[in-house]
Amino acid sequence: MTLLAWQRAGTPASPRPTAVLIHGWAGHSSEWETAGWAAGLSGAGFDVLVPDLPGHAASAEVRIPGDAAPAAWTAQAMLTDLDRLHVKQIAVVAYADACPVAGHLLVRAPQAIDRAVFIGCDDRVLHPQASEAARALRDPDARVWHLEAAELVRQARADPRHDVGSLARWLEENSWPAAPRLGALSLPVLFAVGTEDSHRARAPRLAALFADARLVTAPGDDRSVLSAAALVNTVVGFLQDGGSGVDDEP
């Protein structure tokens, strides 16, 4: 039995690495199917596994221990689950706030990861109004002064399955692994941002930490880029043979 809730698509017996797709904060695993990723990757011959993060959707009852960092603890939980599912080699695709989880996966088990893709993220993690939004999630009577904080609260409460207390912790405590640990990795990494993505200006700073990274753009902003068919095709090509399919840099 796994700790997190997982969905599966594709062929478990595929000789390719299993594609593990990690949704962003206040999201859920079904987003990857809606955006065409499950079909695109399974159609290319990949076994596809998609978890709900702790506190989210079908994994809402999974609590991160109080003394643990959310991204690092989740990465270890995922590795434990993948071992129980008899998955030995994976390719990781992470979106937005979940990219630090993928980073922790890479530094914890580099030998088990073939390639990694980071979509819509940069070297920052915390939202500018994270503390205000977290307070409002814990206390429904708390005042929300900033539109950005109000939008975060709306996102967290949009799915009634979420545990909003857990999502508040994610806002305040999400973190990347130390830069030297990322820089010591040798596996190929692809960074993708939308042409109107708020992360576009700073994404190169994050990509520069990795020894073998490339950076591509796709149509869309922070949200819509995930549904760009061109990006799905680019990532499929990268995971198949290392070709990004695009030579563009933002």
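Rules of the game
Residues numbered from 1 in each chain as written. Predicted model: local features only at pLDDT ≥ 70, side-chain atom pairs only at ≥ 80, totals over all residues. Heavy atoms only, no water. Helix = DSSP H or I, 4+ residues; strand = E, 2+ residues; numbered from the N terminus. Rg over C-alpha atoms; globule rule 2.2 N^0.38 Å. Contact = heavy atoms within 4.5 Å. Areas by Shrake-Rupley, 256 points an atom, 1.4 Å probe, with all protein chains shown as cover. Lys, Arg positive; Asp, Glu negative; His and termini not counted. Charge placed at Lys NZ, Arg CZ, Asp CG, Glu CD. Axes fitted to C-alpha atoms, helices over the stretch in contact; angles between N-to-C directions. Parallel < 35°, antiparallel > 145°, perpendicular 65-115°, else oblique. Left-handed = near helix turned anticlockwise from the far one by under 90°. Nonpolar A, V, L, I, M, F, W, Y, C, P; charged D, E, K, R; others polar. Pairing = 2+ DSSP bridges. Buried < 20%, exposed > 50% of the residue type's maximum accessible area, 1.4 Å probe, protein only. Salt bridge = Lys/Arg side-chain N within 4 Å of Asp/Glu carboxyl O.

Can you lay out the overall build of the protein chain for me, pointing to particular residues and giving the numbers?
Regarding its fold elements, the protein chain presents 10 helices and 7 strands. Compactness check: the protein chain gives a C-alpha radius of gyration of 17 Å against a globular reference of 18 Å for 250 residues, within 12% of the reference. Its C-alpha atoms give the protein chain principal-axis dimensions of about 50 × 40 × 35 Å. Within the protein chain, counting contacts between residues at least 6 apart in sequence, those at least 24 apart form 76% of the total. For the protein chain, the exposed surface amounts to about 10800 Å²; the carbon and sulfur share of it is 50%. Charge-centre separation for the protein chain: the mean point of 21 positive side chains lies 4 Å from the mean point of 30 negative side chains.

Hey, could you go over unusual backbone geometry for me, with residue numbers and the actual values?
Non-glycine residue Ala 57 carries a positive phi angle of around 45°. Along the polypeptide, Ala 57 turns up in the loop between β3 (48-51) and α3 (70-84).

Can you break down the packing of helix α5 (residues 130-138) against helix α7 (residues 164-173) residue by residue, with the values?
Running from N to C, α5 and α7 point in directions that differ by 165°, and their axes come no closer than 9 Å. Taken as axis vectors, α5 and α7 run roughly antiparallel relative to one another. Pair α5 / α7 crosses with left-handed handedness. Here Ala 130, Ala 133, Ala 134, Leu 137 and Arg 138 of α5 come into contact with α7, specifically with Val 164, Leu 167, Ala 168, Arg 169, Leu 171 and Glu 172. Within the contact of α5 with α7, the residues separate by chemical class into 8 nonpolar, no polar and 3 charged.

So what's going on with the sheet that holds strand β5 (residues 113-119)? Residues and values would help.
Spatial strand order, β1-β3-β2-β4-β5-β6-β7: 7 strands in an open sheet with mixed pairing. The sheet is open, and its two edges are formed by β1 (6-9) and β7 (213-218), each paired on a single side. Between one strand and the next, the sheet's axes are offset by a mean angle of 20°, whatever the strand orientation.

Give me the lowdown on the side chain of His 104, citing residues and values where you can.
Its place among the elements puts His 104 in helix α4 (residues 99-108). Since its relative accessible area comes to 10%, His 104 is described here as buried.

Would you mind going over the pattern of salt bridges in detail, with residue names and values included?
Close approach of charged atoms allows side chains with opposite charge to pair. By the definition in use, this model includes 13 salt bridges. Taking the shortest distance from any N to any O, the salt bridge between Glu 151 and Arg 223 comes out at 3.5 Å. Of this pair, Glu 151 sits in helix α6 (residues 147-158) while Arg 223 sits in the loop between β7 and α10 (229-241); the two residues are 72 residues apart in sequence, bridging distant segments of the chain. Take Glu 151: its relative accessible area is 28%, and that puts it in the partly exposed class. One salt-bridge network, held together by shared partners, links Asp 123, Arg 202 and Arg 205.

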